[in-house]
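Remarks on the overall topology
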Amino acid sequence: MRRPLRLGHQLSGRTEGSRVEVAKRAEELGFDVVLASDHVGAGPAPLPTLATIAQATMTIRLGTLVLNNDMRNPVQLAWEVATVDAISNGRFELGLGAGHTPQEYAATGIERSSAAIRKQRLSESVELLRALLDGDTVDHAGEHYRISRAQVRRSTQDHLPILVGGNGTSLLGHAGAHADIIGLQGLGRTHDDGHRHDVDWRSSRLEDQLRQVRDGAGDRYDDLEFNALVQVVRLTDDRDAALATICERVDGLTMEDARETPYLLVGTVDEVVDHMVTCNERWGINYFAVRELDEFEPVLRAVR
């Protein structure tokens, strides 16, 4: 096993009740991280929510999975992130993505550039954020950002982790070179509704993505952490029957890939734990984020 298992609970549009109380419950259950998603709309904004959670919790780490980079200037974001990190006494982890949901761009009036441009902008932003959070004064004239003598409060923790989530050779290669955590989700093209995605949970696809990260990371590959955003958690005594049902709903998903993918945690508690350990040993994926809370408690107990 490359790293100890880390388990995160993602707050989402499906989260009911007070997010502060949910986060306190996640801490009580033994989750390592509570994670806020980021979709402009009626739900609470992620960074103020996490700042509030920071004051109501003691040990659980706080993160974003993931912020839309296009919605924020990197200097302003670094300032806010460093502030939340200070409020939480150094518990914050910054997760970023290139952005994809058309409605968010329409609602904010921000131009939705091509995927290639959005990924380039993300890569440039990650490098700026790293320097700013490390306490550097930054002058930069790049393709997408121009800043002069920018400086924010240094992060409270010595090295605030940056997670980059997404797909594509350029994005994953750059993430390998500059991020600390690689966010994987097995999702592809966004559908016209802006929320549903194509799904590709083939093991061969995942291995291609890991190669893309490795090509960018070089010697630092073994220092990276890999996160999987789990799409289905189902505790059952009949793993194959539950996986077969999922295969019927997901075009092109075979039973072999369903049994192997890190995005499905299905089976008995022991089978789910064994599956996470296998994914860690095979692919280096040790950090699993789920949307379930109390339903996941038996797995948490088994892991601990």
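Scroll up a little and you will see the structure.
A short tour of the structure in this document, coming up. (Residues numbered from 1 in each chain as written. Predicted model: local features only at pLDDT ≥ 70, side-chain atom pairs only at ≥ 80, totals over all residues. Heavy atoms only, no water.)

**Re the overall build of the protein chain**
Broken down by element type, the protein chain carries 11 helices and 15 strands. For 304 residues, the compact-globule formula gives about 19 Å, and the C-alpha radius of gyration of the protein chain, at 19 Å, lands near that figure. A buried classification covers 54% of the 304 residues belonging to the protein chain. Of the contacts made within the protein chain by residues no fewer than 6 positions apart, 70% connect residues no fewer than 24 positions apart. Of the side chains in the protein chain, 34 bear a positive and 47 a negative charge, and the two mean positions are spaced by 3 Å. (Helix = DSSP H or I, 4+ residues; strand = E, 2+ residues; numbered from the N terminus. Rg over C-alpha atoms; globule rule 2.2 N^0.38 Å. Buried < 20%, exposed > 50% of the residue type's maximum accessible area, 1.4 Å probe, protein only. Contact = heavy atoms within 4.5 Å. Lys, Arg positive; Asp, Glu negative; His and termini not counted. Charge placed at Lys NZ, Arg CZ, Asp CG, Glu CD.)

**Here's the deal with the packing of helix H1 (residues 19-29) against helix H2 (residues 46-56)**
In the contact formed by H1 and H2, the axes pass within 9 Å of each other and the chain directions differ by 50°. For the element pair H1 / H2, the angle class is oblique. Judged by the sense of rotation from one axis to the other, the crossing of H1 with H2 is right-handed. Contact with H1, carried on its side by Arg 19, Val 20, Ala 23 and Lys 24, involves Thr 49, Thr 52, Ile 53 and Ala 56 of H2 and no other residues of that element. Split by residue class, the contact of H1 with H2 holds 4 nonpolar, 2 polar and 2 charged. (Axes fitted to C-alpha atoms, helices over the stretch in contact; angles between N-to-C directions. Parallel < 35°, antiparallel > 145°, perpendicular 65-115°, else oblique. Left-handed = near helix turned anticlockwise from the far one by under 90°. Nonpolar A, V, L, I, M, F, W, Y, C, P; charged D, E, K, R; others polar.)

**Some words on helix H5 (residues 115-133)**
What sets the pattern is the α-helix's 3.6 residues per turn: residues three or four places apart point alike. Here H5 is 19 residues long and its end C-alpha atoms lie 26 Å apart, about the 27 Å a rise of 1.5 Å per residue gives. Where H5 ends, the next residue or the one after it, Gly 135, has phi of about 95°, a positive value. (Expected span 1.5 Å × (residues − 1).)

**Side note on the packing of aromatic side chains**
All chains considered together, the criterion is met by 3 aromatic pairs. Centre to centre, the rings of Phe 31 and Phe 296 are 6.0 Å apart; their planes meet at 20°, and the pair counts as stacked. Within this pair, whereas Phe 31 is found in the loop between H1 and strand E2 (33-36), its partner Phe 296 is found in the loop between strand E15 (285-290) and helix H11 (297-303), the two being separated by 265 residues in sequence. On the basis of relative accessibility, which here comes to 4%, the residue Phe 31 falls in the buried class. Look at Phe 296 and you get buried, because its relative accessible area is 0%. Ring geometry for Tyr 221 versus Phe 226: centroids 5.6 Å apart, planes at 50°, classification tilted. Of the two residues, Tyr 221 and Phe 226, neither departs from the other in class, the shared state being buried. The ring of Tyr 221 has Arg 214 sitting right over it, with the charged end atom 3.8 Å from the ring centre. (Phe/Tyr/Trp six-rings, centres within 6.5 Å; stacked < 30°, edge-to-face > 60°. Lys NZ or Arg CZ within 6 Å of the ring centre and 35° of its normal.)

**Quick word on the pattern of salt bridges**
Taken as a whole and assessed by the stated rule, the structure comprises 19 salt bridges. With a shortest N-O distance of 3.9 Å, Glu 297 and Arg 25 are connected by a salt bridge. Of this pair, Glu 297 sits in helix H11 while Arg 25 sits in helix H1; the two residues are 272 residues apart in sequence, bridging distant segments of the chain. Take Glu 297: its relative accessible area is 25%, and that puts it in the partly exposed class. Using a relative accessible area of 24% as the deciding quantity, one classes Arg 25 as partly exposed. It is possible to trace a salt-bridge network through shared partners that takes in Arg 25, Glu 28, Asp 294, Glu 297 and Arg 301. (Salt bridge = Lys/Arg side-chain N within 4 Å of Asp/Glu carboxyl O.)

**Concerning the packing of helix H3 (residues 74-87) against H5**
Taken N-terminus to C-terminus, the directions of H3 and H5 make an angle of 45°; their axes are 9 Å apart at the nearest point. Our classification of the angle between H3 and H5 gives oblique. Crossing angle aside, the handedness with which H3 passes H5 is right-handed. Note on element contacts: H5 touches H3 through Ser 125, Leu 128, Leu 129, Leu 132 and Leu 133, opposite Pro 74, Val 75, Leu 77, Ala 78, Val 81 and Ala 82.

**Here we look at the environment of Gly 43**
You can see Gly 43 is positioned in the loop between E2 and H2. The sequence separation of Gly 43 and Tyr 105 amounts to 62 residues, and the corresponding C-alpha distance is 16 Å.

**Notes on the nonpolar core**
Grouped together as the largest cluster of nonpolar side chains are 85 residues, with contacts concentrated most on Phe 31 and Leu 94. With 7 residues, the single largest contributor to this core is H5. Within the second largest apolar cluster, 8 residues are counted, among which are Leu 35, Ile 181, Leu 229 and Ala 289. (Core = buried A, V, L, I, M, F, W, Y, C linked by side-chain atoms within 4.5 Å.)

**What to know about the environment of Ala 289**
Mapped onto the elements of the fold, Ala 289 is located in strand E15. As for Ala 289 and Arg 19, which are separated by 270 residues in sequence, their C-alpha atoms are 16 Å apart. Here Ala 289 is in contact with Gly 8, Leu 35, Leu 65, Asn 227, Ala 228, Leu 229 and Val 230, once residues within four sequence places are set aside.

**Considering the pairing of strand E8 (residues 162-165)**
Note on strand geometry: in a regular strand, side chains alternate between the two faces of the sheet. Neither face of E8 is open: one carries Ile 162 and Val 164, the other Leu 163 and Gly 165, and all of them are buried. Direction of pairing for strand E5 (residues 92-97) relative to E8: parallel, over a ladder of 3 bridges. Counted as the bridge partner of Leu 94 is Ile 162 from E8. Pairing of E8 with strand E9 (residues 181-184), which is carried by 3 bridges, proceeds in the parallel orientation. Across the sheet, residue Val 164 finds its bridge partner in E9, namely Ile 182. Traced from E8 through helix H6 (residues 169-178) to E9, the parallel crossover comes out right-handed. (Pairing = 2+ DSSP bridges. Right-handed = clockwise from strand over helix to strand, strands pointing away.)

Any functional reading would require information that these geometric values do not contain.
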